[in-house]
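Topology and contacts: notes
Given next are the chains, with one letter for each unit.
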Amino acid sequence: GIHQHPIEPTFAHFRTSDLEKQLIPNRIVLVGTVDRYNRIKEQTALLANLKSDIECKTGFEVVIAPRRACKNCFPIQVGKFNEQTLLDIAKAHNADTVVYVTVGDIDAYVPMKMESRFLMINVDQSVAIVSGAQRINLGRAATRTNFLRFHESSNLHTDSSLTRQPHEMIEFASDRLANDI
C-alpha cells in the first residue's frame with residue numbers, strides 16, 4: 001500500500017537513460033527468475049508486491065508474466081537482453097515496457113538482509129530506461145529505523161518480531177523499488 005513517510009534510499013545503485021522522461025510506460029510486464037536457490041516464494045511475493053506498489057504510485061497498468069526466465073540467461077546477469085525475447089514477452093502481455101526483477105540474495109537471520117535488482121526496458125526503442133540494485137541491511141541503524149517507520153501502521157508486531165519476518169522485508173524492498181521505477 002501507500003505509506004505516508006518519505007523513505008530515504010537504502011544502499012542502492014541506479015542508472016537512468018536520458019530518454020527516461022520521454023519513454024513513459026503505459027503497460028508494464030514484470031518478469032522474475034527461477035534460480036538455483038529455489039527462492040520461488042520470495043520471487044513471487046516480490047513480484048506481487050511490486051505490481052501493487054507500482055500501480056498505486058504511478059497509475060501504470062502492471063501484469064506479471066507467468067513464465068520465469070532462467071537466471072543464467074537473465075538480462076541483469078549477462079548485461080544484455082535479447083531483442084526477440086523482449087518482443088515476444090511484450091507481445092504476449094500487450095505491454096510496452098518489460099521490467100526484469102530478481103531477488104539476488106535474502107538472509108532471514110537477524111539482522112535480515114536482502115538484495116534485489118531490476119532492469120526496465122522500453123520495447124519500442126529497445127532501450128534500458130532504468131536499472132538498479134538495492135541492498136537492505138537491518139543491521140544498519142538508519143535502515144532499521146526506516147524499516148520500522150514503514151511498518152509502524154501495523155500494530156500486529158513488536159519491533160523485534162517485525163525484523164525477523166522475510167515477508168515484511170519483501171514489502172519494504174518492493175515499496176523502495178516502486179519508488180525508483
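Refer to the structure printed above.
The next thing to look at is the overall build of the protein chain. From N to C terminus, the protein chain includes six helices and eight strands. Mapped in sequence order, the helices and strands of the protein chain form the string β-β-β-α-β-β-α-α-β-β-β-α-α-α. Scored against the burial criterion, the 181 residues of the protein chain give a buried share of 45%. Residue pairs in contact within the protein chain that sit at least 24 positions apart in sequence constitute 69% of those at least 6 positions apart. Surface summary for the protein chain: the accessible area is close to 9600 Å², and the carbon and sulfur share equals 49%.

Under the counting rule described, the total for this entry stands at five salt bridges. A salt bridge links Asp175 to Lys57, with the nearest nitrogen and oxygen atoms 2.9 Å apart. Of this pair, Asp175 sits in helix 6 (residues 166-180) while Lys57 sits in helix 1 (residues 40-58); the two residues are 118 residues apart in sequence, bridging distant segments of the chain. Classification of Lys57 by relative accessible area gives partly exposed; the value is 31%. Here Glu115 ties to Arg117 by a salt bridge, and the two come within 3.5 Å at their closest N and O atoms. Arg117 carries the same exposure label as Glu115, and that label is buried. Here the residues in one salt-bridge network are Glu115, Arg117 and Arg135, joined through shared partners.

The next subject is the environment of Lys80. Relative to the assigned elements, Lys80 resides in the loop between helix 2 (75-78) and helix 3 (83-92). Each C-alpha atom of the pair Lys80 and Ala128 lies 9.5 Å from the other, and the pair is 48 residues apart in sequence.

Glancing now at unusual backbone geometry. Positive phi values are uncommon outside glycine, yet Asn94 reaches one of about 50°. Position of Asn94 relative to the elements: it lies in the loop between helix 3 and strand 6 (97-107). Classification of Asn94 by relative accessible area gives exposed; the value is 62%. A positive phi angle, close to 50°, is found at Ser126, a residue other than glycine. Among the structural elements, Ser126 can be located in the loop between strand 7 (113-122) and strand 8 (127-137). Judged by its relative accessible area of 23%, Ser126 falls in the partly exposed class.

Criteria and cut-off values
- Residues numbered from 1 in each chain as written.
- Predicted model: local features only at pLDDT ≥ 70, side-chain atom pairs only at ≥ 80, totals over all residues.
- Heavy atoms only, no water.
- Helix = DSSP H or I, 4+ residues; strand = E, 2+ residues; numbered from the N terminus.
- Buried < 20%, exposed > 50% of the residue type's maximum accessible area, 1.4 Å probe, protein only.
- Contact = heavy atoms within 4.5 Å.
- Areas by Shrake-Rupley, 256 points an atom, 1.4 Å probe, with all protein chains shown as cover.
- Salt bridge = Lys/Arg side-chain N within 4 Å of Asp/Glu carboxyl O.

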